[in-house]
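Descriptive analysis of the structure
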Amino acid sequence: MTIALIGGTGAEGRGLAARFASAGLRVLVGSRSPDRAAAAVKALQAGRGDLPLSAATNDEAIAASDTIVLAVPFPCVSRLLDAQHARFKSGALLIDVTVPVVFDGAQPRLLDVSEGSAAEHIRRRLPDGVALAASLKTIPARVLSGVAPLDCDEFVCGDSESARERTIALLRLIPGLRPLDAGPLDSARTFERMAMLAITLNRRYKSRDARFHVVGLAT
Ligand SMILES: NC(=O)c1ccc[n+]([C@@H]2O[C@H](COP(=O)([O-])OP(=O)(O)OC[C@H]3O[C@@H](n4cnc5c(N)ncnc54)[C@H](OP(=O)(O)O)[C@@H]3O)[C@@H](O)[C@H]2O)c1
């Protein structure tokens, strides 16, 4: 299976690309710039052997993939999806990782998204034939960048049972990550606030690793 990382040159995208490639998936590291995509692949390969990573433009990555992870800053999502609308394959799955947070100087602020969440905002802008899940919003890039098992849970919601099942199957490939089915897409409203909470905790406790683990579930 080929998985595309849109924003694959960023901290979160690079970390996810490495984790999926380490799990044996073929990963297209997407960028607006072929040179930045190639540099990200080279940096990811350094010291890690021959991971199945390739560089691509965002246009190429979206057109070639059945599974696409969107890991770009939220403020650019609308323009990007409008420009890419015709390139999505019918039946593709988009996994939205975005958190609608902006930084006023060093101060993080959650944006008030009129649809309720970044994920619902994205749903409005995707072709009908593309399934949408929201996940991986509460896993910090710094944790992804290592090789140790992630040792946390990740919440998955989506616009269909099939979108959630496809996402959960993918996440199960990453060591130490327990995916939890959190139901319909509007659960992303909660995850996005939890991501903001993790940012706040990191700042208070001088960490970059805060993430979540749910107790009391028999899974
Ligand atoms: N960092 C974390 O710990 C973390 C954790 C959970 C979720 N997230 C979410 O994951 C997403 C990515 O986070 P990040 O920290 O990796 O962000 P980032 O480094 O700021 O950006 C990721 C990539 O997005 C692309 N990009 C930037 N501006 C763009 C624009 N105007 N149009 C199209 N592409 C653009 C850039 O790639 P090119 O210039 O190569 O095209 C950039 O390398 C965000 O929505 C964030 O909220 C982040």
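Structure report, in brief. Please read all numbers here as calculations on a predicted model, not as lab measurements.

So, about the overall build of the protein chain. When its secondary structure is counted, the protein chain shows eight helices and 10 strands. For 219 residues, the compact-globule formula gives about 17 Å, and the C-alpha radius of gyration of the protein chain, at 16 Å, lands near that figure. By its C-alpha atoms, the protein chain is 40 × 40 × 40 Å across when sized along the principal axes. Out of the 219 residues in the protein chain, the part that is buried amounts to 42%. Contacts spanning at least 24 positions in sequence make up 71% of the contacts within the protein chain whose residues lie at least 6 apart.

This paragraph deals with the environment of Leu136. Within the secondary structure, Leu136 sits in the loop between strand E8 (131-134) and helix H6 (141-144). As a C-alpha pair, Leu136 and Ala61 span 75 residues in sequence and 20 Å in three-dimensional space. Setting aside chain neighbours within four positions, we find Leu136 in contact with Leu16, Ile95, Val97 and Glu154.

A separate point is the nonpolar core. Residues Leu5, Ile6, Ala17, Val29 and Val69 are the most contacted members of the largest nonpolar core, which totals 60 residues. At five residues, the largest contribution of residues to this core is made by helix H1 (residues 11-22). Each residue touching Val69, except ones within four places of it in the same chain, is listed here: Ile3, Ala4, Leu5, Ile6, Leu16, Ile95 and Val97.

We now examine the pairing of strand E10 (residues 177-184). Examined bridge by bridge, strand E9 (residues 152-158) and E10 share six bridges and lie parallel to one another. The residue bridging Phe155 from the neighbouring strand is Leu180, located in E10. What joins E9 to E10 is helix H7 (residues 161-171), and the crossover it makes is right-handed.

We now examine the site of the ligand. Among the 25 residues in the neighbourhood of the ligand, the closest are listed as Gly10, Ser31, Cys76, Thr98 and Val99. Residue contributions to the shell around the ligand peak at three residues, all from H1. Of the residues in the shell around the ligand, the class split is 14 nonpolar, seven polar and four charged.

Interhelical geometry of helix H4 (residues 77-84) versus helix H5 (residues 118-125) gives an angle of 25° and a closest axis separation of 10 Å. Between H4 and H5, the angle is such that the two are roughly parallel. Every pair of crossing elements has a handedness; the one defined by H4 and H5 is right-handed. The residues of H5 that touch H4, namely those facing Val77, Ser78, Leu81 and Asp82, are Ala118, His121, Ile122 and Arg125. Counted by class, the contact of H4 with H5 contains four nonpolar, two polar and two charged residues.

Now for helix H2 (residues 34-45). Here H2 is 12 residues long and its end C-alpha atoms lie 17 Å apart, about the 16 Å a rise of 1.5 Å per residue gives. By the burial criterion, the buried members of H2 are Ala37, Ala40, Val41 and Leu44. Seen end-on, H2 carries its buried residues on one side only, within an arc spanning 100°. Opposite the buried face of H2, by more than 90 degrees, sit the exposed residues Asp35 and Lys42. Check the buried side of H2 and you find it contacts H1, strand E2 (26-31) and strand E3 (53-57). After H2 finishes, the residue Gly47 shows a positive phi value of roughly 75°.

Right, let's talk about H7 for a bit. What H7 keeps buried is the set Ala163, Arg164, Thr167, Leu170 and Leu171. Angularly, the buried residues of H7 cover 125° about the axis, an arc narrow enough to put them on a single face. Among the exposed residues of H7, those pointing more than 90 degrees away from its buried face are Glu161 and Ala169.

We now examine the sheet that holds E9. Strand order across the open sheet formed by eight strands is E3-E2-E1-E4-E5-E8-E9-E10, with mixed pairing between neighbours. Each edge of the open sheet is held by one strand with a lone partner, namely E3 and E10. Within the sheet, the average angular offset between the axes of one strand and its neighbour, ignoring direction, is 25°. The sheet contact formed by strand E1 (residues 2-6) and E2 spans five bridges and is parallel.

Cut-offs and rules
- Residues numbered from 1 in each chain as written.
- Predicted model: local features only at pLDDT ≥ 70, side-chain atom pairs only at ≥ 80, totals over all residues.
- Helix = DSSP H or I, 4+ residues; strand = E, 2+ residues; numbered from the N terminus.
- Rg over C-alpha atoms; globule rule 2.2 N^0.38 Å.
- Buried ≥ 20, exposed ≤ 12 C-beta atoms within 10 Å, placed from the backbone.
- Contact = placed C-beta atoms within 7 Å.
- Core = buried A, V, L, I, M, F, W, Y, C linked by C-beta atoms within 7 Å.
- Pairing = 2+ DSSP bridges.
- Right-handed = clockwise from strand over helix to strand, strands pointing away.
- Near = placed C-beta within 6 Å.
- Nonpolar A, V, L, I, M, F, W, Y, C, P; charged D, E, K, R; others polar.
- Axes fitted to C-alpha atoms, helices over the stretch in contact; angles between N-to-C directions.
- Parallel < 35°, antiparallel > 145°, perpendicular 65-115°, else oblique.
- Left-handed = near helix turned anticlockwise from the far one by under 90°.
- Expected span 1.5 Å × (residues − 1).
- Arc of directions from axis to C-beta.

Read these as geometric descriptors, not functional statements.
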